[in-house]
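# Structural characterization, general
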Amino acid sequence: MRLNKAVLAVLMTAALAGCETQTEGQQRATTGALLGGAGGALVGQAIGGNTKSTVIGAAGGALLGAVVGSAATPQRREDQLCRYQDRYGRIYTAPCDDRYYNGNY
């Protein structure tokens, strides 16, 4: 029994240590997946009452939670790209400048 607890503690420590190098969007997606998976498992068990329903609910909840968590991440101003056209008609992308944010584009 002690070996199982030790293995579980090592695995949880490794999982939490991996979160330190993630971007904010990745952290939100991971958190959403964890919460969605747990909620989906509870709902699946409540509706179906068997293991198959629980697994399907957990998978669906994790997927939905990851999508919502990732989509809810605010974009930083310097990460946004705009499309510009140079004087020769070539279109290129570059970080948005103040003209975009002030509505003078």
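One can find the structure itself at the top, above this paragraph.
Calculation rules
- Residues numbered from 1 in each chain as written.
- Predicted model: local features only at pLDDT ≥ 70, side-chain atom pairs only at ≥ 80, totals over all residues.
- Heavy atoms only, no water.
- Axes fitted to C-alpha atoms, helices over the stretch in contact; angles between N-to-C directions.
- Helix = DSSP H or I, 4+ residues; strand = E, 2+ residues; numbered from the N terminus.
- Parallel < 35°, antiparallel > 145°, perpendicular 65-115°, else oblique.
- Left-handed = near helix turned anticlockwise from the far one by under 90°.
- Contact = heavy atoms within 4.5 Å.
- Nonpolar A, V, L, I, M, F, W, Y, C, P; charged D, E, K, R; others polar.

At a closest axis distance of 5 Å, the pairing of helix α2 (residues 24-48) and helix α3 (residues 51-71) adopts a crossing angle of 150°. Taken as axis vectors, α2 and α3 run roughly antiparallel relative to one another. As α2 runs across α3, the sense of the crossing is right-handed. Note on element contacts: α3 touches α2 through S53, T54, G57, A58, G61, A62, G65, A66, G69 and S70, opposite G25, R28, A29, G32, A33, G36, G37, G40, A41, G44, Q45 and G48. Looking at side-chain class alone, the contact of α2 with α3 contains six nonpolar, 15 polar and one charged residues.

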